[in-house]
Amino acid sequence: MRYKMLIILLFFSMILSCGHRAEHYIVFWHALGGPLGDALDEMIYDFNREHPNIRIRAISMGNYQALSQKLMASIQAGNQPDLAQVFESWTANLVRGGVLLALNEFIEKDEDFMENIDDIFPVFLDSVTIDGQIWSFPFNKSVRVMYYNKDIFFRNDLDYNNPPKTWEDYLELCKLLTQDTSGDGRINQWGTTFATDMWRFQNLLLQAGGDLMNDDFTVPLFNSKEGLEALNFFDRMLNVDRSAYLSTGRDNQNHFLASTVAFIEGSSVSYVFMRDAEIVFNLGIAPVPVFRTERNIISGTNIAIFDKGNPEKETAAWEFIKWFTEPKQTAKFSSLTYYMPIRRSAFEQPYIQAMLKHHPGMIEVYKQLEYAEFEPQIPEWFEFRRNFEEIVLERVFNRTISPEEALRQAEQRLLREL
């Protein structure tokens, strides 16, 4: 139904565009697809309708890897878009290349914006600031979420409104809920399943009290006691308690929807895809269990303006960014996608209030933003985090290398790349 409505909206958008000629056409490259892309198209339709002199033309590249490659190729050819989604690690590289426009001038000359800038969650502004300059703006940000099957809790006489809040409670429940429910001698219900996920390792590392790198991102710090504790967390479930198994892609969501696992961890955005696949049990949503600290890593991208020497188009591009992150818009986008709202005042908006009424567990999920941090702002990080999954997580999970040696090798690899 939402897809049909979106087609209608786009149809009327085309008709409206024929009635006038926009002064500024802004090309925006992104990587959102499926229901997330539909939500973005709906937002852009609203903006174009409200700003008849500006026309945002959104082009999806399908995924972030393709977007990254396309951006690099366009920069070399000198035909980059006006706007694009960018990770912090990409931003650092683009700043070095001199192709981005610093946003400070737009922000500082807008009195209304400056007056309310404290309304934006600090972690979002910190993540887009390099050497005192704001080079992009928070766009689609997410946090990790624990999803659980309340029906499984009920069948095991557990309080389904009291999900595990600590590592130890979570590990014990995963072990308890790994069962042979059919009586055929084989496990057919597992505590959890997960993939080789660098994001989850980063969260565990921070929760244990460790750090990824030092403050200026020149020295890796993950090869530490806390790094070992994070890896041992995985190993206990996979190889000691045998309360979890490895999965790939979105298989964890599919198995969760089939009620063969009690818990999964994922992005806040994972809910949108599970909802569209139809959830046939009582779903629980909660923040991820913590250890020594509540620190966590945000994920997602920011939006940047490319310096193409056209001040009028740059101003129009900033108008879209500013509009998109206003309380009403960031609240609507969050309600459609379950990305995090950028501003605290968004929680006063009807969109968020309705969401929280339907999923009260999201209240605690949102609170994770108060303890959130961001990934290293270095060009090497985007590729390294993927390599980490291969050279550390996969091999440790399969016990083909010791956690100590895997972390040492990863540390040496990053040092060579810096």
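These lines cover the structure that appears in this document, whether it is placed above or below. Just so it is clear, the model here is predicted, and its values are computed rather than measured.

1. Some details on the side chain of glutamine 80
Next, step 1: Residue placement: glutamine 80 occurs in the loop between α3 (64–77) and β3 (83–86).
Next, step 2: Residue class for glutamine 80 comes out buried when judged on its relative accessible area of 9%.
Next, step 3: Setting aside anything within four residues of it in sequence, one finds glutamine 80 in contact with Ser74, Ile75, Val99, Phe306, Asp307 and Lys308.

2. Here we look at the packing of aromatic side chains
Next, step 1: Evaluated as defined, the whole model comprises 42 aromatic pairs.
Next, step 2: Relative to phenylalanine 87, the ring of tyrosine 64 lies with its centre 4.9 Å away and its plane at 70 degrees, an arrangement referred to as edge-to-face. One end of the pair, tyrosine 64, is in helix α3; the other, phenylalanine 87, is in the loop between β3 and α4 (88–97), and 23 residues separate them in sequence.
Next, step 3: Residue tyrosine 64 is classed as partly exposed on the basis of its relative accessible area, which comes to 22%.
Next, step 4: Residue phenylalanine 87 is classed as buried on the basis of its relative accessible area, which comes to 12%.
Next, step 5: Summarising the aromatic geometry, the rings of tryptophan 90 and phenylalanine 382 are spaced 5.3 Å apart at their centres and angled 75 degrees between planes, so their arrangement reads as edge-to-face. Here tryptophan 90, found in helix α4, pairs with phenylalanine 382, found in helix α18 (residues 381–397); they are 292 residues apart in sequence, far enough to count as distant. Side by side, tryptophan 90 and phenylalanine 382 carry an identical accessibility label, which is buried.
Next, step 6: A connected cluster of aromatic rings, assembled from ring pairs, spans Tyr148, Phe153, Trp167, Tyr170, Phe194, Phe233, Phe234, Phe263, Phe291 and Phe397.
Next, step 7: A cation over an aromatic ring shows up here: arginine 144 above the ring of tryptophan 199, its NZ or CZ 5.0 Å from the ring centre.

Basis of the calculations
- Residues numbered from 1 in each chain as written.
- Predicted model: local features only at pLDDT ≥ 70, side-chain atom pairs only at ≥ 80, totals over all residues.
- Heavy atoms only, no water.
- Helix = DSSP H or I, 4+ residues; strand = E, 2+ residues; numbered from the N terminus.
- Buried < 20%, exposed > 50% of the residue type's maximum accessible area, 1.4 Å probe, protein only.
- Contact = heavy atoms within 4.5 Å.
- Phe/Tyr/Trp six-rings, centres within 6.5 Å; stacked < 30°, edge-to-face > 60°.
- Lys NZ or Arg CZ within 6 Å of the ring centre and 35° of its normal.

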